[in-house]
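Read off the chains here:
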Amino acid sequence: MSVIGEIDEGFYSRQLYVLGHEAMHRMGTANVLIAGMRGLGVEIAKNVILSGVKSVTVQDEGQTVWSDLSSQFFLKESHLGQNRATCSLQQLSVLNPHVHVSAHTEPLDDELLLQFQVVVLTDSSLDDQKHFGELCHLHSIKFIVADTKGLCGQLFCDFGEEFEVLDQDGEMPASAMIQSITKDNPGVVLCADDQNHGFSDGSKVSFSEVQGMTELNSIGPVEIKVRGQFSFSIGDTSAFSKYEKGGVVTEVKQPCTLNFKQLSEALLDHQLIVMNDFGKESRHNTLHLAFQALHSFMKKEQRLPRPRSQSDADSLLVMVRELNTAAQLEQLDEAAVQKLSYTAQGDLAPITAFIGGLAAQEVIKACSGKFLPLRQWLYFDALECLPEEAERLAEGSFSARGTRHDGQVAVFGSAFQEQLEKQKYFLVGAGAIGCELLKNFALIGLGAGEKGHITITDMDFIERSNLNRQFLFRSQDIGKPKSEVAAKAVREMNPMIKITAHQNRLDPDSEGLYDYNFFMGLDGVAAALDNVEARVYLDKCCVQHQKPMLEGGTLGSKGHTLVVVPHLTESYGPGIKSSNNAIPLCTLKNFPHRIEHTLQWARDQFEGLFKQTPENVNVFLRDAGFVERTLGHGDAEALEVLGGVWSSLEDMKAGGQRPTSWEDCVSWARCKWESLYNNDICQLLHCFPPEQETATGLPFWSGSKRCPHSLTFDPNSTTHMDYVVAAANLYGQIYGIRGTRDCSSIRRTLEKVRVPSFTPKSSVKIHLTDKEMEEDQKKDSDEAEKSRLEELKGKLASPSLKSSAMQMYPIDFEKDDDSNFHMDYIVAASNLRAENYDIPAANRHQSKGIAGRIIPAIATTTAAVAGLMCLELYKLVQGHQKISSYRTAYINLAVQYFVMSQPSRPQPFEVAGKKYTLWDDFLVEGRSSGQQEMTLGDLLQYIKEKHSLNISMLFHGTAILYNGQKDRLKLSVSDVVRMVTKTHIPPHKKMLELIPSFAEDEECELVPTIRYLLL
């Protein structure tokens, strides 16, 4: 980031929601040196450059060799024999226009290192690590060592004697509304019960807006002791004034100072090893010694151990045992040392992606003071990727052959490489994880053989905010299809890869393309999706067609991976719709108490005014049955919808809301402002005055109910004018009227606007709960409402209304275009409502994140997750059958939290005494080898003979195909489906899912699905 003080929010949009502006400003001053430009070095450099430091210098004095190409994605065959740093420079430089990138091709020396705030060593000797580690420790330079050897990785951090962490986890500070505070020692704070307070023991909090016990508003952060999910105690409040009402309590993040040992000292301290895989403690302790032994081996032999060489493995093991005489480990994992020796010459893209993601995140921590750094060693291995049965393959199967996959062949052998190249895979999604997966696929050679193939689909087009983490895209690609650009980029990395790009959404509408034949031709599927619904649909397809699935996702610094293996693991499963976080409608409508509530309200206003109503008008104009259909939804909804349609079609002069000029749009916006921020609040306070009490004598306006106040329009207020300018322009857009941003001309127009006077009505009912609202909606409407509906029906039936009407232009909300007034409207509308209720306002960046439902994202987590997914791919391609070989991962790079565990087995269920899982279906060929299709009776007989079960009922979706109707038994199964569902079966539909109920066990909730094939 070349200009300090300016952050390119368009480019860094998603990352800013992970790191924040302050951390990014600090990063913008950091100069970083990354030594070693093999696969691991370039992965770290790529992620650090994307993150936005001031400068990155990449150092390497070595020349490109064949084995580099197995993990170094910016090197090509044409670079063989040339300097790695120089060859990578151009590609690294274009990743981020805000970061200066340079190459250094001389050896490392002290003078060079002293120019940097952070130094990263990869592919370095232990002597260099000790020497430069001591230098950096002495000069307070943050020092990181990262290394990968075959299926194992190592990471070390030394951030000096006193490293200040400003925010340990990056989570939003918890806050809660106060219900009551006792005058006691200790005082007990009871929070409003609409949600858990979210504090933990020892947290420090501050108080604001407390009435009565106002002393709390002016004291510093107070340490708390949690008593329950809604209460906690603070210090002595007995001398304070009596609590009356109101108040917000907010967590205050506390910085902490950490002390690090320099590398030569830390080598001797096994307590500094952070564990990351369940049950591997002795292995990671052993690897700490084994990596040191590898350095000794290399120093002695001037090479790494040869692939599968038993003599080299024995030599390495002797060295590890010698080191253990000092370390005194109770248990040495000697098998792991042997496997490390066998595979140490390997250079694997998935391992460098994972360790490179972690290492780059540590660089970000070093530069920003955000998140908890690694203290201080981390070892990772994926030795379970090796063949499950120890096979004695000749050393020659693993030796270098002068190909781009030499680094992978050194680990798995040449036969496995051929297997990888034959794979046919379907990748769904070409976003952040999709780009990283494709990079790994190209490097490992997935689908790069004659019989192999990758199909990728993504319906999205490249936007500027993608460039910060979807590293296959460049600024010149903005507006182009993601899948096409990504496919082209990986062909550059590996010209042998066979890849076809589609722009289709994966859902029932694309079943014609992604049909039975398509899925049956695949070896597996990878999901790089950003929503649960699509994952659930893809998972269902994989279960139907018995295909394995790799799945991964990220949320800021958090990530997860899942591998679905037919008959071995559970599937992704149905989506669980969480209603816990849904904001009650009454809270949105009348009782907001958090900025999230006012932002959701503003989004709802936007959708209703500028999208739903124009869409309703357009449907009304083209569809004669619209009014009758709407009346069928109940009187309350019909009144709102039809009223909106009529007023949108009737000119303002005739009592409607249709503008005929720009001035009309300004007038509408000003009147809307008055209605929302003055009239509606006055009406609410008329129904519930500030001093109102509940039936039990407590203040009505307390706890999570904030007492609002109305606003008076001020044309000199920026927020007031922002609302009018945005609302008027958007209103003009839906009618095809051009607007302006010229505030002075809008102010002149406002002077002529007549704002109707308002008097609150006693007849208005305001609902206190969603349940009350729902019950009222079910009641019959009163006579006044019925006559209003009849009047609307008459008006909308008028031929002159339709003949003079023009179609409207509904607006789809788009958060990332700063010129379209969408976020202008949301920010102003939300902050004005926040002002009504004395809720602290949110700036544009915060508002965009919440209202735009932006998923925070950063390149480091994405790289790590994609690396873990591809390690599972190695196991799938080899056909691993032990569940203990596979891993499900949950990681949080912010706090070095790693849980790698075995996937769950599929849940068994029983039918008539026999056990099944979701993978056990009854496959029936309904029309085999050109014969006539079987009848329903044939199907029942087939299931009886093959599985000894009698079908008593048969369902297809919600349709009951059979419930004892004898007349249907002679019809073909597809004819019964057509007859009952009253729809035709599309030609591409080669498999029907039928759900039986069996006479032997009718109480069964789960039964095997009948998959009925129409081939």
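Shown above is the structure to which this text applies.
This section reports on the structure supplied with the text.

### As for the packing of aromatic side chains
Item 1. Following the criterion strictly, the structure yields 41 aromatic pairs and no others.
Item 2. Seen in terms of ring centroids, Phe610 and Tyr825 are 5.3 Å apart; in terms of plane orientation they differ by 85°. Their pairing is edge-to-face. Of the two residues, Phe610 is situated in helix α19 (residues 595-622) and Tyr825 in helix α28 (residues 822-836); the sequence distance between them amounts to 215 residues.
Item 3. On the basis of relative accessible area, Tyr825 is assigned to the buried category, the value being 0%.
Item 4. Stacked on the ring of Phe591, the Lys or Arg Lys705 has its end atom at 5.2 Å from the ring centre.
Item 5. In this structure, Arg741 packs its charged tip against the face of Phe821, placed 3.9 Å from the ring centre.

### Details of the packing of helix α21 (residues 635-649) against helix α26 (residues 783-797)
Item 1. In contact at an axis separation of 10 Å, α21 and α26 are set at 35° when each is read in the N-to-C sense. Both α21 and α26 take part in a crossing whose hand is left-handed. Contact residues: Asp635, Ala638, Leu639, Leu642, Gly643, Val645 and Trp646 in α21; Glu785, Lys786, Arg788, Leu789, Leu792, Lys795 and Leu796 in α26.
Item 2. Its residues placed into classes, the contact of α21 with α26 shows eight nonpolar, one polar and five charged.

### Let's talk about the nonpolar core
Item 1. Ranked by size, the top nonpolar core spans 163 residues in total, and within it Leu92, Leu151, Phe380, Leu437, Phe441 and Leu472 carry the most contacts.
Item 2. Counting 74 residues, the second largest nonpolar core, distinct from the first, contains Ile737, Ala805, Ala829 and Ile839.

### Thoughts on a nonpolar patch on the surface
Item 1. A cluster of nonpolar side chains, Tyr890, Val895 and Tyr897, forms an exposed patch at the surface whose accessible area comes to about 290 Å².
Item 2. With respect to the helices and strands, Tyr897 occurs in strand β25 (residues 897-901).

### Re the sheet that holds strand β4 (residues 118-122)
Item 1. With mixed pairing, eight strands are arranged side by side in an open sheet as β3-β2-β1-β4-β5-β6-β17-β16. Each of the sheet's edge strands pairs with one partner strand only, and the pair in question is β3 (100-104) and β16 (273-274).
Item 2. Here helix α3 (residues 84-93) sits on the sheet and contacts β2 (55-59) and β3; the angle it forms with β3, its principal contact strand, is near 175°.

### Section: the side chain of Asp515
Item 1. Looking at where Asp515 falls in the secondary structure, it is placed in the loop between β20 (499-502) and α16 (516-520).
Item 2. Among the polar contacts made by the side chain of Asp515, one reaches the main-chain amide nitrogen of Phe518 at a distance of 3.0 Å.

### Points about unusual backbone geometry
Item 1. Here the bond from Asn185 into Pro186 is cis, since omega is 0°, no more than 30 degrees from zero.
Item 2. The residue Pro186 is located in the loop between β8 (175-181) and β9 (188-191) in this model.
Item 3. Here the bond from Arg375 into Gln376 is cis, since omega is -15°, no more than 30 degrees from zero.
Item 4. Topologically, Gln376 is positioned in the loop between α11 (349-368) and β17 (377-381).
Item 5. Backbone geometry at Gln546 places phi at a positive 55°, although glycine is not the residue there.
Item 6. Within the secondary structure layout, Gln546 lies in the loop between α17 (532-545) and β22 (549-555).
Item 7. Here the phi dihedral of His567 falls at roughly 70°; this positive angle occurs in a residue that is not glycine.
Item 8. Here His567 falls in the partly exposed class, since its relative accessible area comes to 46%.

### Some points on α26
Item 1. Its 15 residues give α26 an end-to-end C-alpha distance of 21 Å, which sits within 8% of 21 Å, the value for a rise of 1.5 Å per residue.
Item 2. For α26, every residue scored as buried is listed here: Leu789, Leu792 and Leu796. What you see down the axis of α26 is that its buried residues fit within an arc of 60°, all on one side. Exposed positions of α26 whose direction lies more than 90 degrees from the buried face are Glu783, Ala784, Glu790 and Ala797.
Item 3. On the buried face of α26, the contacting elements are α19, α20 (626-631), α21 and α27 (799-804).

### Some details on the environment of Cys152
Item 1. When you line up the elements, Cys152 lands in strand β6 (residues 152-158).
Item 2. Take Cys152: its relative accessible area is 0%, and that puts it in the buried class.
Item 3. When residues no more than four places from it in sequence are discounted, the contact partners of Cys152 are Asp147, Leu287, Phe291, Leu340, Ile351, Phe380, Asp381 and Leu383.

### Digging into the sheet that holds strand β32 (residues 1010-1013)
Item 1. If you trace the five strands from one edge of the open sheet to the other, you get β28-β32-β31-β29-β30, paired in mixed fashion. Strands at the two margins of the open sheet, each flanked by one partner only, are β28 (922-925) and β30 (959-962). Direction aside, the axes of adjacent strands within the sheet are offset by 35° on average.
Item 2. Both strand β29 (residues 951-956) and strand β31 (residues 991-998) contribute to a ladder of four bridges, which runs antiparallel. Looking at β31, one finds that Phe955 is bridged to Ile995.
Item 3. Where helix α31 (residues 936-947) meets the sheet, its contacts fall on β28, β29, β30, β31 and β32, and the angle it forms with β28 comes to roughly 135°.
Item 4. The strands that helix α32 (residues 973-981) touches are β29, β30, β31 and β32; relative to β30, the one it contacts most, it runs at about 140°.

### Some words on the pairing of strand β21 (residues 524-527)
Each regular strand displays side chains that alternate between the two surfaces of the sheet.
Item 1. A two-sided burial pattern is seen for β21, the buried positions comprising Gly524 and Ala526 on one face and Val525 and Ala527 on the other.
Item 2. Pairing of β21 with β22 involves three bridges; the strand directions are parallel. Bridging from a neighbouring strand, Ala526 pairs with Leu550 of β22.
Item 3. Between the parallel pair β21 and β22, the chain is carried across by α17, and the sense of this crossover is right-handed.

### Topic: the pairing of strand β24 (residues 888-892)
Item 1. The buried fraction of β24 amounts to four of the five residues, a majority that puts the element mostly inside the structure.
Item 2. In this structure, strand β23 (residues 558-564) lies alongside β24, joined through four bridges in antiparallel fashion. Bridge pairing in β24 places Thr561 opposite Ala889.
Item 3. The sheet contact formed by β24 and β25 spans five bridges and is antiparallel. Bridge assignment links Thr888 to a residue of β25, and that residue is Ser901.
Item 4. Connecting β24 to the antiparallel partner β25 that follows it, the hairpin turn spans four residues, and Gln896 within it adopts a positive phi of roughly 55°.

How each quantity is defined
Residue indices begin from 1 for each chain and proceed along its sequence in written order. For this predicted model, a pLDDT threshold of at least 70 governs which residues receive local features, and a threshold of 80 or more governs which side-chain atom pairs are given and counted, while totals over whole chains, interfaces and linings are taken from all residues. Working from all heavy atoms in the structure, the side-chain values ignore hydrogens and water. Aromatic rings from Phe, Tyr and Trp, taking only the six-membered ring of Trp, are treated as a pair when their centres fall within 6.5 Å; an angle between ring planes under 30 degrees marks them as stacked, one over 60 as edge-to-face, and anything in between as tilted. By the criteria applied, helices consist of DSSP H or I runs no shorter than four residues and strands consist of E runs no shorter than two, each listed in order from the N terminus. A simple rule labels every residue: compare its accessible area, found with a 1.4 Å probe on the protein chains alone, to the largest value its type can have, and call it buried under 20%, exposed over 50%, or partly exposed in between. Any Lys NZ or Arg CZ that is within 6 Å of a ring centre and within 35 degrees of that ring's normal is treated as a charge sitting over the ring. Every axis in this analysis is a line fitted to C-alpha atoms, fitted for helices over the stretch in contact. Angles between the N-to-C directions lie between 0 and 180 degrees. If you view the pair so one helix is near and one far, a crossing is left-handed when the near helix is turned anticlockwise from the far one by less than a right angle, and right-handed when it is turned clockwise. Contact definition: two residues touch when any of their heavy atoms are within 4.5 Å. Residue polarity follows a fixed list, in which Ala, Val, Leu, Ile, Met, Phe, Trp, Tyr, Cys and Pro are nonpolar, Asp, Glu, Lys and Arg are charged, and the others, Gly among them, are polar. Here the nonpolar core consists of buried residues drawn from Ala, Val, Leu, Ile, Met, Phe, Trp, Tyr and Cys, with membership extended through side-chain atoms lying within 4.5 Å. Exposure above 30% relative accessible area and the absence of a salt bridge qualify a residue for a patch, where like charges join within 9 Å and nonpolar side chains (Val, Leu, Ile, Met, Phe, Trp, Tyr) within 5 Å. Accessible areas in this description were obtained via Shrake-Rupley with a 1.4 Å probe; residue shielding takes into account the shown protein chains only. Salt bridge, as used here, is a side-chain nitrogen of Lys or Arg placed within 4 Å of a carboxyl oxygen of Asp or Glu. Pairing between two strands requires that DSSP report at least two bridges joining them. Nitrogen and oxygen atoms within 3.5 Å of one another constitute a polar contact, given that in protein one can donate a hydrogen and the other can accept it, and given that sequence-neighbouring residues count only through two side-chain atoms. The length a helix should cover is 1.5 Å for every residue beyond the first. Taken from the helix axis, the directions to the C-beta atoms give the arc we talk about. Throughout, right-handed denotes a crossover for which the path from the first strand over the helix to the second runs clockwise when the strands point away from the viewer.

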